[in-house]
Every structure is written in C-alpha cells, then in structure tokens.
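The chain contents come next:
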Amino acid sequence: MTDVAAARAWAPYLRGLLADDRGLPRLSLLCDQEEGAATHRLTLAVSPDDELPRARDQLARLGDCPDGAVLELSGIARFRVERPVSSIGGGRLTGRVALVTGAAQGFGREIARELAELGCWVVLADLNDDGAREAARQIDAAHGAGRALAVRLDVADVDSFADAVGRVLDGFGGIDLLVSNAGIARAGSLSSLGPDDFDLVTRVNYRGYYVAVRSVAPVMAAQHAAAPEHWFDIVEINSKSGLAGSKRNFAYAGSKFGGIGLTQSFALELVEQGIKVNAVCPGNYLDGPLWTDPERGLLRQYLDAGKVPGATTTDDVRRHYEAQVPMGRGCLPVDVMRAVRYCVEQGYETGQAIPVTGGQTMLN
C-alpha cells in the first residue's frame, strides 16, 4: 500500500540522486493498482527513517535508472521516472518543474505558457481553479498530455499551500522553480482606502510570498542535499511600485517594498541550501486583466481615485501611463519572461530586484 506521506518526503531526495547532466528527472507517483509498461524496474529497500547516504549507496549498486523506468521504494511507493529531453533553446529551463502562482490569468498565465514552450513541466496554481485548469489544458494540447498540472491555491493559507505542494510532489516529484506571481491591487487615498482592503492586499502580496517560499524551500533544499551541484530558483514577480512609491496606491506599493525586503532576506538565508532568490519588477501591464477589468481593474480604480488629474475616462488614464514610459508602451509578458529566464540561467546572482519598466523606473 502506498505511503503517500513517506513518498512525498522521499521524492525530492530521489530526484536529486537520479540527477544527471540534463538535470533532475520527473518522478510521478504510481497508484497501487497502476502498473503500465516499463523499460526498467529498480527496487530500493528503504524505510521512512532511512538516511540519504544509504539510499545513495543502494542506487549506485543498482545501476542506471533510464527514462521510463519504474523505481520502487520497498513498502512505500513506486515512481515512474521521466528524463528531461535535451534542448538548446530551453537552456537550463528544459526539464525543470516550475510552480507559478496566480497562473489563471495575466502575467502568471503567460509565464506558465512560455515556461512550457521552453521545456518545463508546469504547475499552474490559482484560487481561480477553473481558469488554471483551462490554461493547463491549453498547454497540454500544445505540448502533450501531462505537461501541465492545475492546482487550486490560496497563496496566503499555509494548509492550502501544503496541499498544493503535496499534489506537485505526487505528479512531478519536486520543484525546481517557484515563480511567486499572485498579487492584487486596491488603490485609493489614505482617507478612502479602508483597513479591510489594506489587509487584503498585504495578505496576498506580502504574506502570500512568505507562505510560498516557506512551503517550497524545503523541497528545493532536499533536492540540493542529494545533488549539490544543482541549484534551484525562486523568482518573485514584484513591481516598479516596489522600487518607488505610488501615489494613492500605498497598500500595493508597501506590499511590494516588503517583497523586496523578503527577497533579499530569503536570498541570504537560502543560498546555503542551493536556492537563488530574485525579484523581477515589471512596469504597467496595461493590456492585462489587473488593469483592464471593467469593475476592479486599475484603469477604473485610478480613474475613480482621481490618481490622474483631468482624466475623465479609462482611456485618459492609459494614455497618461503610456506617456510616462520612455519606450512608449506598457510592459508585456514576454518582457517579464526574459527577466525570469535570466534569473534562472545566470549562476552568480541572488537577492536582486530587476526593473523591467521600459525606462520608467531606473535604479540609482
């Protein structure tokens, strides 16, 4: 009978032990009744309390564990092994397991889609599980069944995140990249924005990032313990509002300033566990739902809050923000994805906040 808790505890270590020059394999947990064809079968005699060196020694004696093999932990569980396919275009992202929060729409959905294009196995996590499932279905249709997994997630809830990570471990065996993208904005002046909206923004944007890293870092640390030559990545999708204050948008800006502080602090702590932590700070995604939603979008919020003097329509608000960008347009998902890819592919940077603002916000 499958011991799910023990299987989840062992899976990240096993991925690390099975790593090769292509990276770490995918390990999918097999149900008790599930057999299927296998090119190779290996049995590893371990108990839930066994130590990593003993498992490493056993695997060394058993020999190669090729693509398609079934690896059995005696009395615990069985896993299907899938090796990454080498790809020049995907670079270090090929074959990585990427968890993207807030992936049902906007930047998150597009980042997940582009990660799949680069060869990642992708987990789309969102409170909007219908949207996440539809996005995952589209990725599977483009890249093959099982390439994407949708999970329902409240990013600020510890139990919800633990459940989501458990499902990821069952489906993929570990996590190589966390893109902490989930976020919301509530604009307003100090006198008009109430404590409930302030707390909501802080809960999702600030606490949610903390809960995400706290939930995922132990998985990455276990992989690194088993494969010290491999590093793993956390990338927060922050904002230009994390680099400079935002008038009548203090709740959002404050949460994003806090995110930069978390990024730098997490980077200092987690580097010892083989984890790089960086932030990407996009400019305004004027075509995304955060801005364009007719009722709660920022174009509407900023118009109602009087944030743009003289504006009488949402088009006036949009033109105002486009005029502030030296490059003359809003930020696009492809711009953000290039920065995310840089964070992963460089091997000598952590704790950084990278502006992607078309020159609107520049670092001193």
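Described in the following lines is the structure provided in the data block. (Residues numbered from 1 in each chain as written. Predicted model: local features only at pLDDT ≥ 70, side-chain atom pairs only at ≥ 80, totals over all residues. Heavy atoms only, no water.)

**Quick notes on the sheet that holds strand S7 (residues 148–152)**
Consideration 1: Spatially, S7-S6-S5-S8-S9-S10-S11 is the arrangement adopted by the seven strands of the open sheet, whose pairing is parallel. The strands lining the two open edges of the sheet, one partner per strand, are S7 and strand S11 (353–356). Taking the axes of each pair of neighbouring strands and ignoring which way they run, one obtains an average angle of 20 degrees across the sheet.
Consideration 2: Bridge analysis of strand S6 (residues 121–126) against S7 gives five bridges, and the strand direction is parallel. For Leu-124, the partnering residue across the bridge sits in S7 and is Ala-150.
Consideration 3: Sitting on the sheet, helix H5 (residues 158–172) is in contact with strand S5 (97–101), S6 and S7, with an inclination near 160 degrees to S7. (Pairing = 2+ DSSP bridges. Helix = DSSP H or I, 4+ residues; strand = E, 2+ residues; numbered from the N terminus. Axes fitted to C-alpha atoms, helices over the stretch in contact; angles between N-to-C directions. Contact = heavy atoms within 4.5 Å.)

**Quick word on the sheet that holds strand S3 (residues 70–73)**
Consideration 1: Strands sit in the order S1-S4-S3-S2 across an open sheet of four strands; the sheet is mixed. Looking at strand neighbours, the two that pair on one side only are strand S1 (26–30) and strand S2 (41–44), the edges of this open sheet. Each strand axis lies, on average, 25 degrees off the axis of its neighbour in the sheet, ignoring direction.
Consideration 2: Sheet analysis places S1 next to strand S4 (residues 77–82), joined by five bridges and oriented antiparallel. For Leu-27, the partnering residue across the bridge sits in S4 and is Val-81.
Consideration 3: Against the sheet, helix H2 (residues 52–62) makes contact with S2 and S3, and its axis sits at roughly 150 degrees relative to S2, the strand it touches most.

**Section: the side chain of Glu-114**
Consideration 1: Within the secondary structure layout, Glu-114 lies in helix H3 (residues 106–117).
Consideration 2: In this structure Glu-114 touches Pro-333, Val-334 and Met-337, once residues within four positions along its chain are discounted.

**Some details on unusual backbone geometry**
Consideration 1: Even without being glycine, Arg-248 reaches a positive phi, approximately 55 degrees.
Consideration 2: Counting through the fold element by element, Arg-248 comes out in the loop between strand S9 (232–237) and helix H7 (250–270).
Consideration 3: Residue class for Arg-248 comes out partly exposed when judged on its relative accessible area of 32%. (Buried < 20%, exposed > 50% of the residue type's maximum accessible area, 1.4 Å probe, protein only.)

**A few points about empty space enclosed by the protein**
Consideration 1: On inspection of all chains with the given rule, the structure shows one cavity of 30 Å³ or more.
Consideration 2: Of the volumes computed, that of the largest cavity is approximately 30 Å³.
Consideration 3: Lining the largest cavity are Ser-180, Ala-182, Val-204, Asn-205, Gly-208, Tyr-209, Glu-236, Ile-237 and Lys-256.
Consideration 4: Of all the secondary structure elements, the ones that give two or more residues to the lining of the largest cavity are helix H6 (195–226) and S9.
Consideration 5: Looking at the lining of the largest cavity element by element, the count peaks at four residues for H6. (1 Å grid on protein atoms, 1.4 Å probe; cavity = no way out; pocket = protein on both sides within 12 Å on 5 of 7 lines; lining within 4 Å. Points joined across faces, edges and corners; volume = space filled by probe spheres on them.)

**Things to note about the nonpolar core**
Consideration 1: Judged by nonpolar contacts, the single largest core of 40 residues is most densely connected at Phe-161 and Ile-234.
Consideration 2: For this core, the elements supplying multiple residues, two or more each, are S5, S6, S7, H5, H6, S9, H7 and strand S10 (275–282).
Consideration 3: No other element matches H6, which puts 10 residues into this core.
Consideration 4: Not counting the four nearest positions on each side in its chain, Phe-161 is found in contact with Leu-99, Thr-101, Leu-153, Val-155, Val-211, Ala-212, Ser-215 and Val-216.
Consideration 5: The next biggest cluster of nonpolar side chains, apart from the first, holds 33 residues, and it includes Val-100, Leu-124, Val-235 and Val-280. (Core = buried A, V, L, I, M, F, W, Y, C linked by side-chain atoms within 4.5 Å.)

**Quick look at the state of the cysteines**
Consideration 1: Under the criterion given, the structure shown has zero disulfides.
Consideration 2: Here Cys-281 is not cross-linked by a disulfide; its sulfur's nearest cysteine counterpart is in Cys-343, at 9.6 Å.
Consideration 3: On the accessibility criterion, Cys-281 (0% relative accessible area) is buried. (Disulfide = S-S within 2.5 Å.)

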